[in-house]
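Survey of secondary and tertiary structure
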Amino acid sequence: MKSKFLGTGVALVTPFKSDLSVDHEALTNIVNFNIENGTDYLVILGTTGESVTVTKQEKKDITETIIKTNKGRVPLVLGIGGNNTAAAIEEIKSTDLSGIDAILSVSPYYSKPTQEGVYQHFKAISEVSPIDIILYNVPGRTSKNMEPETTLRLAKDFKNIVAIKEAGNKTSQYLQLIKNKPEDFLIISGDDDLALGVTLAGGAGVISVIGQAFPKAFSNMIRLGLKGEAKEAYNTHYKLMDVVDYIFEENNPAGIKAVFEALNLCQDTVRLPVVPASNRLKEKIKVFVNEF
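I will try to describe carefully the structure that is included in this document. (Residues numbered from 1 in each chain as written. Predicted model: local features only at pLDDT ≥ 70, side-chain atom pairs only at ≥ 80, totals over all residues. Heavy atoms only, no water.)

Describing the overall build of the chain
Helix and strand counts for the chain stand at twelve helices and eight strands. On the principal axes, the C-alpha backbone points of the chain span a range of 50 × 45 × 35 Å. A burial count over the chain gives 55% of its 292 residues as buried. Put simply, 71% of the contacts in the chain that link residues at least 6 apart link residues at least 24 apart. Of the accessible surface of the chain, which amounts to about 12600 Å², a share of 50% is contributed by carbon and sulfur atoms. One way to put it: in the chain the 32 positive side-chain charges average out to a point 3 Å from where the 35 negative ones average out. (Helix = DSSP H or I, 4+ residues; strand = E, 2+ residues; numbered from the N terminus. Buried < 20%, exposed > 50% of the residue type's maximum accessible area, 1.4 Å probe, protein only. Contact = heavy atoms within 4.5 Å. Areas by Shrake-Rupley, 256 points an atom, 1.4 Å probe, with all protein chains shown as cover. Lys, Arg positive; Asp, Glu negative; His and termini not counted. Charge placed at Lys NZ, Arg CZ, Asp CG, Glu CD.)

Some words on unusual backbone geometry
Leaving glycine out, the prevailing phi sign among residues is negative, and the prevailing peptide bond configuration is trans. Omega for the peptide link from Asn252 to Pro253 comes to 15°, which places this bond in the cis form. Mapped onto the elements, Pro253 comes out in the loop between α10 (230–249) and α11 (254–262). Across the junction of Leu272 and Pro273, the peptide omega takes the value 15°, indicating a cis bond. As for its placement among the helices and strands, Pro273 is situated in the loop between α11 and α12 (279–291). Its identity is not glycine, yet Lys71 carries a phi of approximately 50°, on the positive side.

Some details on helix α6 (residues 148–157)
Taken together, the buried positions of α6 are occupied by Pro148, Thr150, Thr151, Leu152, Leu154 and Ala155. Against the buried residues of α6 lie α4 (115–128), β5 (132–137), β6 (161–166) and α7 (171–180).

Observations concerning the side chain of Ser126
Along the chain, Ser126 falls in helix α4. Relative accessible area serves as the criterion here: at 8%, Ser126 is assigned to the buried category. Leaving out residues up to four positions away in the same chain, Ser126 has contacts with Ile133, Phe158, Asn160 and Ile161.

Focus on the environment of Ala258
With respect to the element layout, Ala258 can be found in helix α11. Note on Ala258: relative accessible area 5%, which makes it buried. A sequence separation of 56 residues divides Ala258 from Gly202, and the C-alpha atoms of the two residues are 32 Å apart. Excluding its chain neighbours within four sequence positions, the residues that come into contact with Ala258 are Asp268, Ala277, Lys282 and Ile285.

Some thoughts on the nonpolar core
Counting residues in each nonpolar core, the largest one holds 75 residues, and the members touching the most others are Leu42, Ile66, Phe214 and Val259. Among the elements that line this core, the one with the most residues is α10, at six residues. Listed in part, the 18 residues of the second largest apolar core include Ala11, Val43, Val106 and Val138. (Core = buried A, V, L, I, M, F, W, Y, C linked by side-chain atoms within 4.5 Å.)

Some thoughts on the side chain of Thr14
Inspection of the secondary structure assignment puts Thr14 in the loop between β1 (7–11) and α1 (24–36). Classification of Thr14 as buried rests on a relative accessible area of 2%. In this structure the side chain of Thr14 is engaged in a polar contact, spanning 2.7 Å, whose partner is the backbone oxygen of Gly49. If we ignore the near neighbours within four places in the chain, the residues touching Thr14 are Val22, Leu45, Thr48, Gly49, Glu50, Val54, Ile62 and Lys257. (Polar contact = N/O pair within 3.5 Å; in protein donor to acceptor, adjacent residues only side chain to side chain.)

Details of the environment of Ile247
Note that Ile247 resides in helix α10. Assessed through its relative accessible area of 0%, Ile247 is described here as buried. In this structure the C-alpha to C-alpha distance between Ile247 and Val259, which are twelve residues apart in sequence, comes to 7.9 Å. Apart from residues no more than four positions distant in its own chain, Ile247 is found in contact with Asp192, Val209, Ile210, Asn252, Gly255, Ile256 and Val259.

Honestly, it's all geometry; don't read function into it.
What follows is the structure, given as structure tokens:
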């Protein structure tokens with residue numbers, strides 16, 4: 001098993017100042033907060049990082065800030081993907097990937113390709129990527145499920161496709177993947193609410209949204225899960241259950257940014273079309289954070 005992506009990875013937010021510029025100071029603080037509290041690896045510019053509304057230059061600057069802050073302490077994963085295969089290939093080729101351990105690449109959205117189309121898309125990406133690839137299946141956002149057969153076919157055919165972040169929120173699909181995967185291929189939960197169960201069933205852990213706000217508790221829970229210590233791990237799971245629901249109640253990353261605001265780690269500013277969490281939701285989150 002590739003231990004580099006075992007345990008808790010977090011899909012980092014991109015903090016913004018009130019004028020909507022990137023808040024690099026807050027980003028530095030969030031990175032340090034996570035590494036110092038046990039997060040195993042960091043994911044840069046995924047969905048939670050609002051990658052679709054940051055410019056090319058901002059992406060470069062965000063990545064540089066995180067690499068500089070990390071100082072090689074934990075592995076780094078960079079989100080590069082999309083529904084234009086040629087553009088994704090171009091981005092991989094033109095991005096400086098030194099200091100990056102793997103690419104997280106989302107299954108093509110909006111275009112609704114067939115399973116063969118999804119396979120050919122990732123085959124093309126695999127052939128140009130100089131580093132490992134983590135597939136990302138999130139049908140709630142892409143409107144198309146990457147079927148387990150497609151994932152397993154890619155896992156068997158390409159050496160640099162090493163894992164999948166599976167976020168179909170479907171236990172049966174997770175179990176199918178865990179049961180039939182090649183031995184060193186990792187099934188990583190992309191669903192915070194299912195992460196512990198998936199880990200206990202033989203998954204490799206999680207790429208989490210909520211984990212970045214409560215890194216000590218969350219990463220410890222996943223570590224216990226990897227050791228099969230279910231009872232103790234579920235104690236933490238139950239403590240965090242409500243806030244996991246809260247952060248996805250309206251929109252991600254508006255929810256997690258409201259948590260960070262309550263923790264005084266960054267403002268809750270997001271870029272349109274995403275809007276900040278409602279006052280009602282912020283109030284619930286504040287109460288949770290204070291009690292936790």
